[in-house]
Amino acid sequence: MEYKGIGNTGVKVSKLCMGTMSFGGIADENESQKMFDQCLDYGINFFDCSSNYNRGKAEEILGRLIKGRRDELIITSKVFFPTGSGVNDRGLSRRHVLLEIEKSLQRLGTDRIDFYFLHNFDESVSIQETLKTLDDLQRDGKIVYAGVSNWAAWQIARALGVSDRYGYTAFRCVQPMYNLVKRQAESEIFPMCRAESLGVVTYSPLGGGLLTGKYLEQSRSGRLVEDQRYASRYSDERYSSVAKGLVSYAASKGIDPATLAVAWAMSHPDVTAPIIGARNSEQLKVSLNAVNLELDPQWRHAMSEIAAVVAPAPATDRSENITDN
């Protein structure tokens, strides 16, 4: 396993991160244990979680699994999405963040979370208030570093400015969506992270399963059929054409398309580690195999060309080299 530094924190993590969204949901505790052990066998030391995954069950299971080896592992969690039915059981208010960090620490059975992510942008709360709350949590030793997920580049940049102005802890890692059909992060988020020395831990390298090719069949089941969020996210017909192209290309190389899709996301120079996930250990192994696949630059280029129909728009209106006004 290759280990990479997260930005300029000095913390090194495996080049794949295991996502635990299935723990306590479609994967029971026994299957979660199998996948956890499987990851350890591959050298993974990086596990991603959230307070809202399966109503906290994912954190509870992960907490039991890391017992006795906590200091060997890098653990994340997140806050924003609803964790209860109450009107205040969501968002990035100081109140909600302080309540949720205590619950997460208890469920995980740990005294600190290595990277604590704001899971989405909350326009109803002052950025300054939320950043001050993260700063307090870091000073109290409850989080080691702060991170952010699903924010636009301008929102992240604004927050970095606020942190610098008031001396608050700044984001050290960003968690955007990134796969062959969702490449928007290439336009502004990746360049910003490079300029600010931020770690980049991407999620959904398989596009909710689209890039495995299984949804090209008539008889199908899974998130893109069963979960309206994913169905809407990947409904563009162009995405299916990319999946077809990837399946064909993978067949020509004798490699599973899922392995290639993960390897493609992992090969971007700005990506620290993609987050992989699975329903079971058999499904997980296909993604883990990307660890042993060093993607040839020509292969990456060919795969990117397959996805060119959904390539990200340029970050500005003018993409030509400008030498004068």
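Note: the structure precedes this text.
No experiment lies behind these values; they were computed from the predicted model shown. (Residues numbered from 1 in each chain as written. Predicted model: local features only at pLDDT ≥ 70, side-chain atom pairs only at ≥ 80, totals over all residues. Heavy atoms only, no water.)

Inspection of every chain in the model, using the stated rule, returns 17 salt bridges. With a closest N to O distance of 2.8 Å, Asp136 and Lys132 form a salt bridge. With a gap of four residues between them, Asp136 and Lys132 both fall in helix α4 (residues 127-139), about one helical turn apart. We note a salt bridge from Asp236 to Arg238, for which the minimum N-O separation is 2.9 Å. In this structure Asp236 comes out as partly exposed when scored by relative accessible area, which is 27%. The partly exposed category is assigned to Arg238, whose relative accessible area is 40%. By sharing partners, the salt bridges in this structure join Glu59, Glu100, Lys103 and Arg107 into a single network. (Salt bridge = Lys/Arg side-chain N within 4 Å of Asp/Glu carboxyl O. Helix = DSSP H or I, 4+ residues; strand = E, 2+ residues; numbered from the N terminus. Buried < 20%, exposed > 50% of the residue type's maximum accessible area, 1.4 Å probe, protein only.)

Turning to its location among the elements, Lys182 is positioned in the loop between β8 (171-175) and α6 (189-196). No salt bridge is formed by the buried Lys182; the nearest opposite charge belongs to Asp236, separated by 7.5 Å. Here the side chain of Lys182 touches Arg233 through a polar contact of 3.2 Å, landing on its backbone oxygen. Sequence-distant contacts of Lys182, defined by excluding residues within four places in its chain, comprise Met177, Arg233, Tyr234 and Tyr239. (Lys, Arg positive; Asp, Glu negative; His and termini not counted. Polar contact = N/O pair within 3.5 Å; in protein donor to acceptor, adjacent residues only side chain to side chain. Contact = heavy atoms within 4.5 Å.)

A few words now on the packing of helix α9 (residues 237-253) against helix α10 (residues 257-266). The contact between α9 and α10 brings their axes to 9 Å, and the two run at 105 degrees. Here α9 is positioned roughly perpendicular relative to α10, judged by the angle of their axes. Where α9 approaches α10, its residues Leu246, Val247, Tyr249 and Ala250 are matched on the opposing element by Pro257, Leu260 and Ala261. For the contact of α9 with α10, a count of residues per class yields seven nonpolar, no polar and no charged. (Axes fitted to C-alpha atoms, helices over the stretch in contact; angles between N-to-C directions. Parallel < 35°, antiparallel > 145°, perpendicular 65-115°, else oblique. Nonpolar A, V, L, I, M, F, W, Y, C, P; charged D, E, K, R; others polar.)

Here the focus is the packing of aromatic side chains. Scanning the model with the defined rule gives 10 aromatic pairs in all. Ring plane angle 35 degrees and centroid distance 4.9 Å describe the contact between Phe36 and Phe47, whose orientation is recorded as tilted. Of this pair, Phe36 sits in helix α1 (residues 29-42) while Phe47 sits in strand β4 (residues 46-48), placing them 11 residues apart in sequence. Aromatic pair Tyr178 and Phe190: ring centres 4.9 Å apart, planes at 70 degrees, arrangement edge-to-face. Residue Tyr178 is located in the loop between β8 and α6, and its partner Phe190 is located in helix α6; the two are separated by 12 residues in the primary sequence. You can call Tyr178 buried: its relative accessible area is 0%. Three or more aromatic residues link up through ring pairs in this structure, and these residues are Phe121, Trp151, Trp154 and Phe171. The lysine or arginine in question, Lys182, covers the ring of Tyr234, its NZ or CZ lying 5.7 Å from the ring centre. Its end group placed over the ring of Tyr230, Arg233 keeps NZ or CZ at 4.8 Å from the ring centre. (Phe/Tyr/Trp six-rings, centres within 6.5 Å; stacked < 30°, edge-to-face > 60°. Lys NZ or Arg CZ within 6 Å of the ring centre and 35° of its normal.)

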